[in-house]
Amino acid sequence: IEISPPTIKMTFSVNASPFAGREGRYCTSRQLRDRLFRELRTNVSLRVEKTDAPDIFKVSGRGELHLAILIETMRREGYEMQVSRPEVITRQIDGVLQEPIEDVVIELPEAMSGSIIEKLNTRRGRMVHMAKRPEGRVRIDYEIPARGLIGFRTEFLVETRGEGVLYAIFKGYEPWKGEIAQRTYGVQICDRQGETVIYGLYGLQERGALIVGPGVAVYAGQIIGIHAKGQDIEVNPTRTKKLTNMRSSGADDALRLTPPRLLTLEGALEFIADDELVEVTPKSIRARKKLLTENERKRAGKR
């Protein structure tokens, strides 16, 4: 039986955040290594490789969903870890850079097909076939780079309101298709450890959607929201209102927060950039910068 080769790789590492060890039972590099290599006995499409760092492992699988299922299984077993953004596995064939291509079959209501076709085209997809189906539905066949599917499934569910069906299978390697647009927004980075409060978050929600709510423990370097403009900014979500003995009309009106866009595991993997990580524990999923302090990030940016 021919097994499709891995097309996506990620790094799994020991949780090194300030909250490490609070929620999980298995937090050491030895426990993480043993669990990953034990998975190889039954997960035939998975590949695990050691790296120069003893607490970081490169894990390759058949697509983003394949690796997300492994991460979810491990966190339910009590493991803590940090994982990087998914990347495609490229090859040099006859001196030409080539990338994995997926055959994608989509079936959805015809009225929703226009927006999905537009999104697939911007991700370097190529339509192969389109046909009408009974009851006002349509089937679309596409060839698309595997990296074009990273983050697409969540968009697909939202656009089709859960009425679409998507199936992808590895086709082969073809020459590099060109750049695909990355996220165009920045993020709001917490600048200190503490607990979020409504007053502190109220002023931040105007800058972009938040991914944490009030009463949540946060640490310096953790991502707490989106910044609508392109750059990352440091913010203080733990800021409380200064108490005085003066009152003014309307000053004590209740502050109302827009409900935060809480991250799921798949959503977090699609959300992060190359310089960010997803911290996964049995109880929490957090997005964070690889370098937690602002000074470390500035020094790395000057190199």
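Our structure's up above, just so we're on the same page.
From a predicted model like this one, the values you see are computed outputs, not experimental measurements.

## Concerning the packing of aromatic side chains
Turning to step 1, where the next piece is worked out: Tallied over the entire structure, the rule returns five aromatic pairs.
Turning to step 2, where the next piece is worked out: Measuring from ring centre to ring centre gives 5.9 Å for Phe152 and Phe156, while their planes differ by 40°; the resulting arrangement is tilted. Linking Phe152 with Phe156, this pair stays in helix H4 (residues 152-160), spanning four residues, or about one helical turn. You'll find Phe152 and Phe156 in the same group, each marked buried.
Turning to step 3, where the next piece is worked out: A cation sits over an aromatic face here: Arg147 above Trp176, 3.8 Å from the ring centre.

## Observations regarding the packing of helix H3 (residues 113-122) against H4
Turning to step 1, where the next piece is worked out: In contact at an axis separation of 10 Å, H3 and H4 are set at 165° when each is read in the N-to-C sense. Taken together, the axis directions place H3 and H4 in an arrangement best described as roughly antiparallel. Of the two possible hands of crossing, H3 and H4 adopt the one that is right-handed. Listed contacts from H4 to Ser115, Ile116, Lys119 and Leu120 of H3 are Phe152, Glu155, Phe156, Glu159 and Thr160.
Turning to step 2, where the next piece is worked out: The residue inventory of the contact of H3 with H4, partitioned by class, reads four nonpolar, two polar and three charged.

## What about the pairing of strand S3 (residues 56-61)?
Turning to step 1, where the next piece is worked out: In the sheet, strand S1 (residues 8-13) pairs with S3 via six bridges, with the strands oriented antiparallel. Among the inter-strand pairings, Thr11 is bridged to a residue of S3, identified as Lys58.
Turning to step 2, where the next piece is worked out: Bridging between strand S2 (residues 47-50) and S3 involves four bridges; their strand directions are antiparallel. The residue bridging Val48 from the neighbouring strand is Val59, located in S3.

## So, the sheet that holds strand S14 (residues 223-227)
Turning to step 1, where the next piece is worked out: A sheet is described by the order of its strands in space; here three strands give the open sequence S14-S11-S15, paired in mixed fashion. Edge positions in the sheet fall to S14 and strand S15 (233-235), since each has one partner strand and no second. Direction aside, the axes of adjacent strands within the sheet are offset by 35° on average.
Turning to step 2, where the next piece is worked out: In this sheet, S15 lies alongside strand S11 (residues 186-190) in parallel orientation, the contact comprising three bridges. Bridge pairing in S15 links Cys190 to Val235.

## Thoughts on helix H1 (residues 29-39)
Turning to step 1, where the next piece is worked out: For H1, every residue scored as buried is listed here: Gln31, Leu32, Arg35, Leu36 and Glu39. One face of H1 carries all of its buried residues, which in axial projection span an arc of 125°.
Turning to step 2, where the next piece is worked out: Residues of H1 that are buried in the fold lie against S1, S2, S3, helix H2 (64-76) and strand S4 (81-83).

## Structural notes on the side chain of Arg123
Turning to step 1, where the next piece is worked out: The topology assignment puts Arg123 in the loop between H3 and strand S8 (126-133).
Turning to step 2, where the next piece is worked out: One polar contact links the side chain of Arg123 to the main-chain carbonyl oxygen of Ile150, over a distance of 3.1 Å.
Turning to step 3, where the next piece is worked out: Here Arg123 is in contact with Ile144, Pro145, Gly148, Leu149, Ile150, Gly151, Phe152, Glu155 and Ile180, once residues within four sequence places are set aside.

## A few points about the environment of His129
Turning to step 1, where the next piece is worked out: Mapped onto the fold, His129 is located in strand S8.
Turning to step 2, where the next piece is worked out: When the C-alpha positions of His129 and Ile169 are compared, they lie 16 Å apart, and in sequence the two are 40 residues distant.
Turning to step 3, where the next piece is worked out: Those residues in contact with His129 that sit more than four places away from it in its chain are Arg139, Ile140 and Asp141.

## Some remarks on the environment of Val104
Turning to step 1, where the next piece is worked out: Considering the arrangement of structural elements, one finds Val104 in strand S7 (residues 96-109).
Turning to step 2, where the next piece is worked out: For Val104, a relative accessible area of 1% gives the class buried.
Turning to step 3, where the next piece is worked out: Apart from residues no more than four positions distant in its own chain, Val104 is found in contact with Ile140, Asp141, Tyr142, Ile144, Leu149, Leu166, Tyr167 and Ala168.

The rules we used
Numbering of residues begins from 1 in every chain and follows the order in which that chain's sequence is written. Where local features are concerned, this predicted model is filtered to residues with pLDDT of at least 70; where side-chain atom pairs are given and counted, the filter is 80 or more; whole-chain, interface and lining totals use all residues. Only hydrogens and water are set aside; all other atoms, that is, all heavy atoms of the structure, feed into the side-chain values. Ring pairs are drawn from Phe, Tyr and Trp, using the six-membered ring of Trp, whenever the two centres fall within 6.5 Å, and their geometry is named by plane angle: stacked under 30 degrees, edge-to-face over 60, tilted for the rest. The secondary structure listing takes helices from DSSP runs of H or I that are at least 4 residues long and strands from runs of E that are at least 2 residues long, numbered from the N terminus. Exposure categories follow from relative accessible area, calculated using a 1.4 Å probe and restricted to protein chains: below 20% of the type maximum is buried, above 50% is exposed, and the middle band is partly exposed. Either the NZ atom of lysine or the CZ atom of arginine qualifies as a charge over a ring when it sits within 6 Å of the ring centre and within 35 degrees of the ring normal. Axis lines are fitted through C-alpha atoms, for helices just across the contact stretch, and the angle between N-to-C directions can take any value from 0 to 180 degrees. Should an angle lie under 35 degrees it is considered roughly parallel, over 145 roughly antiparallel, and from 65 to 115 roughly perpendicular; all remaining angles are considered oblique. Left-handed describes a crossing whose near helix is turned anticlockwise from the far helix through less than a right angle; right-handed describes the clockwise counterpart. Whether two residues are in contact is decided by their heavy atoms, any of which lying within 4.5 Å being enough. When residues are grouped by polarity, Ala, Val, Leu, Ile, Met, Phe, Trp, Tyr, Cys and Pro land in nonpolar, Asp, Glu, Lys and Arg in charged, and all others, Gly among them, in polar. Criterion used throughout: strands pair if DSSP finds at least two bridges between them. By definition, the arc is the one covered by directions from the helix axis to the C-beta atoms. Pairs of N or O atoms within 3.5 Å make up the polar contacts considered here, provided that, within protein, one atom can donate a hydrogen while the other can accept it, and that residues adjacent in sequence are counted only when both atoms are side-chain atoms.

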